Amino acid sequence: MNLNEFQQKYAYRKEINYDGQIDLLARVVMEQKERYILQTINGFKPAVVKGKMRHEAISREDYPAVGDWVVLQEKDFNDIVIIDQVLPRFSSIVRKVAGLRTDAQIVASNVTKVFIVISADEDLNERKLERYLTAVWESGASPHIVFSKVDLASDMDSIIEHADSIAFGIPLYKWNATNEEGKEDILANIHEDDSVVLIGSSGAGKSTLINALLTEKVLKTGSVREDDKRGRHTTTHRELFNLPTGGVIIDTPGMRELQLWTEDGDTLSHTFSDINHLIAECKFTDCKHDTEPDCAVKEALETGDLEEGRWNSYLKLQRELAYIERKQNAKLATEERKKWKKISMQQKKNR
Ligand SMILES: Nc1nc2c(ncn2[C@@H]2O[C@H](COP(=O)(O)OP(=O)(O)OP(=O)(O)O)[C@@H](O)[C@H]2O)c(=O)[nH]1
Ligand SMILES: [Zn+2]
């Protein structure tokens, strides 16, 4: 990659707040026991953090994580490069590590979109979906839902309808690995500056989907070759993959363990299926739970069956969802305008 390409690809990304030397910028594509592989302007390079960073680190979060943008210590690097600083994270997927005190391990950072993969061959598990959604909102990324195995679904329409009722306008996709139907739809929503992760139950079809998105050329079993000091080749399993159509997919071992705590109901407290059930009991389907008669929510608030605080956090989540949706719509509108501008410019040229 030459400097210009590198600059095009990385330097103008909105989440990076960096105005230093562009060729010192790199991204962490793998981490293993404080040893890192970086994607640099000169290709993939092994790296370590500078001594000062190690001495000053208080928690695991102070160390680089896969997806991090880092600044290198010096320009002319050859063997092992030194990481001088980790740029502030735009979002992070965190796994709580049980120990003497709860430590947080960042399993992926600077993620823009999380695709929640759910198998369509079984009934939708509301609580599980809500937990996943909450985990994604907490990370700072925005959720997307992929229904996999649609070839095995008995009633796809009702699953979509059901999901829509829980996931309020979050983008939904249908994916069938047997004929790759739905792939273009998903790829069209992973843009040049997106960093995407997939979460979901074991067996939901995440690996299958990742492989399909990456295409045969970049199969995720593919590894990075790097030269060590003696010029020998060593191979390492990468955890950040460039999509041929732009954007990257991050798939770390920690992501796989994430599903364990997301599926364990105790670790997340803000799930709202009880409220969804209440709302279903309101007399009017478009009840605003304000002045309407026979409002199940107001009744539950009065009797204390529903806590005020819980209702407020539900409303907050809804506002966040609405905000993201508006943002997404605005982005779509901008893209649409750009497309039309391009077309009309071309037409002028052709005149
Ligand atoms: N019929 C059908 N089978 C699928 C589809 N997608 C995945 N599978 C199968 O489902 C099984 C599990 O898929 P994986 O991609 O390994 O699932 P995973 O989510 O990566 O699972 P973990 O690695 O355990 O987290 C495999 O046997 C796949 O071949 C699909 O769209 N249709
Ligand atoms: Zn109501």
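Residues numbered from 1 in each chain as written. Chains lettered and ligands numbered in written order. Predicted model: local features only at pLDDT ≥ 70, side-chain atom pairs only at ≥ 80, totals over all residues. Heavy atoms only, no water.

## Let's talk about the sheet that holds strand β2 (residues 35-40)
Strand pairing in a sheet relies on backbone hydrogen bonds. The paired strands run either parallel or antiparallel. Spatial ordering of the closed barrel is given by β1-β2-β3-β5-β4, a layout of 5 strands whose pairing is mixed. Strand-to-strand twist of the sheet, defined as the mean angle between neighbouring strand axes without regard to direction, takes the value 55°. Bridge analysis of β2 against strand β3 (residues 43-49) gives 5 bridges, and the strand direction is antiparallel. Across the sheet, glutamine 39 pairs through a bridge with phenylalanine 44, a residue of β3. (Pairing = 2+ DSSP bridges. Helix = DSSP H or I, 4+ residues; strand = E, 2+ residues; numbered from the N terminus. Axes fitted to C-alpha atoms, helices over the stretch in contact; angles between N-to-C directions.)

## Overview of the pairing of strand β1 (residues 25-32)
A large share of β1 lies buried, amounting to 6 of its 8 residues. Where β1 lies against β2, 5 bridges are found, and the strand directions are antiparallel. Pairing of glutamate 31 across the sheet is with tyrosine 36, part of β2. (Buried < 20%, exposed > 50% of the residue type's maximum accessible area, 1.4 Å probe, protein only.)

## Some remarks on unusual backbone geometry
For asparagine 110, which is not a glycine, the phi torsion comes out positive at approximately 55°. Among the structural elements, asparagine 110 can be located in the loop between β7 (103-109) and β8 (113-119). Residue classification places asparagine 110 among the buried residues on the basis of a relative accessible area of 1%. Even without being a glycine, aspartate 294 presents a positive backbone phi close to 50°. Within the secondary structure, aspartate 294 sits in the loop between α8 (273-281) and α9 (296-303). Overall, aspartate 294 belongs to the partly exposed group, its relative accessible area being 46%.

## So, the environment of alanine 300
With respect to the helices, strands and loops of the structure, alanine 300 is situated in helix α9. Spatially, the C-alpha atoms of alanine 300 and isoleucine 275 are 9.6 Å apart, while their sequence positions differ by 25 residues. Ignoring sequence-local partners within four residues, the contact set of alanine 300 consists of Leu278, Asp305 and Leu306. (Contact = heavy atoms within 4.5 Å.)

## Regarding the UniProt feature "binding site: Zn(2+)" in the chain
With numbering matched to this structure, UniProt assigns "binding site: Zn(2+)" to Cys282, Cys287, His289 and Cys295. Structurally, the position occupied by cysteine 282 is in the loop between α8 and α9. On the accessibility criterion, cysteine 282 (7% relative accessible area) is buried. With near-sequence residues (within four places) excluded, cysteine 282 lies in contact with Cys287, His289, Asp294, Cys295, Ala296 and Val297. Considering the arrangement of structural elements, one finds histidine 289 in the loop between α8 and α9. Setting aside its immediate chain neighbours within four residues, histidine 289 contacts Ile279, Cys282, Cys295, Val297, Lys298 and Trp311. Polar side-chain contacts of histidine 289 include one of 3.3 Å to the backbone oxygen of cysteine 287. (UniProt positions renumbered as here; feature names shortened; annotations may be inferred. Polar contact = N/O pair within 3.5 Å; in protein donor to acceptor, adjacent residues only side chain to side chain.)

## Brief notes about the pattern of salt bridges
Counting across every chain of the model gives 6 salt bridges. For aspartate 68, the salt bridge identified is with arginine 89, shortest N-O distance 2.8 Å. Residue aspartate 68 is found in the loop between α2 (51-56) and β4 (69-72), and its partner arginine 89 is found in the loop between β5 (81-86) and β6 (92-97); the two are separated by 21 residues along the sequence. The buried category is assigned to aspartate 68, whose relative accessible area is 0%. Residue class for arginine 89 comes out partly exposed when judged on its relative accessible area of 24%. For lysine 183, the salt bridge identified is with glutamate 180, shortest N-O distance 3.2 Å. (Salt bridge = Lys/Arg side-chain N within 4 Å of Asp/Glu carboxyl O.)

## Brief notes about the packing of aromatic side chains
The final tally for this structure, using the stated rule, is 1 aromatic pair. Their ring planes at 45° and their centres at 5.6 Å tell us that phenylalanine 115 and tyrosine 173 sit as a pair that is tilted. You can see phenylalanine 115 sitting in strand β8 and its partner tyrosine 173 sitting in strand β10 (residues 172-174), a full 58 residues away along the chain. Note on accessibility: phenylalanine 115 and tyrosine 173 belong to one class, buried. (Phe/Tyr/Trp six-rings, centres within 6.5 Å; stacked < 30°, edge-to-face > 60°.)

## Topic: the coordination of the zinc ion (ligand 2)
Taken together, Cys282 (SG), Cys287 (SG), His289 (ND1) and Cys295 (SG) make up the protein donors of the zinc ion (ligand 2), found 2.1 to 2.4 Å from the metal. Classification of the site at the zinc ion (ligand 2) as tetrahedral follows from its 4 donor atoms and the range of 101 to 119° in their angles at the metal. (Donors = N, O, S within 2.8 Å, 3.2 Å for Na, K, Ca; no water. Tetrahedral: all angles 85-135°; square planar, octahedral: opposite > 155°, others 65-115°.)

## Considerations on α9
Looking only at α9, the buried set comprises Ala296, Val297 and Ala300. Buried residues along α9 cover an arc of 100° about the axis, so they all sit on one side. Just past α9, the residue glycine 304 takes up positive phi, approximately 90°. (Arc of directions from axis to C-beta.)

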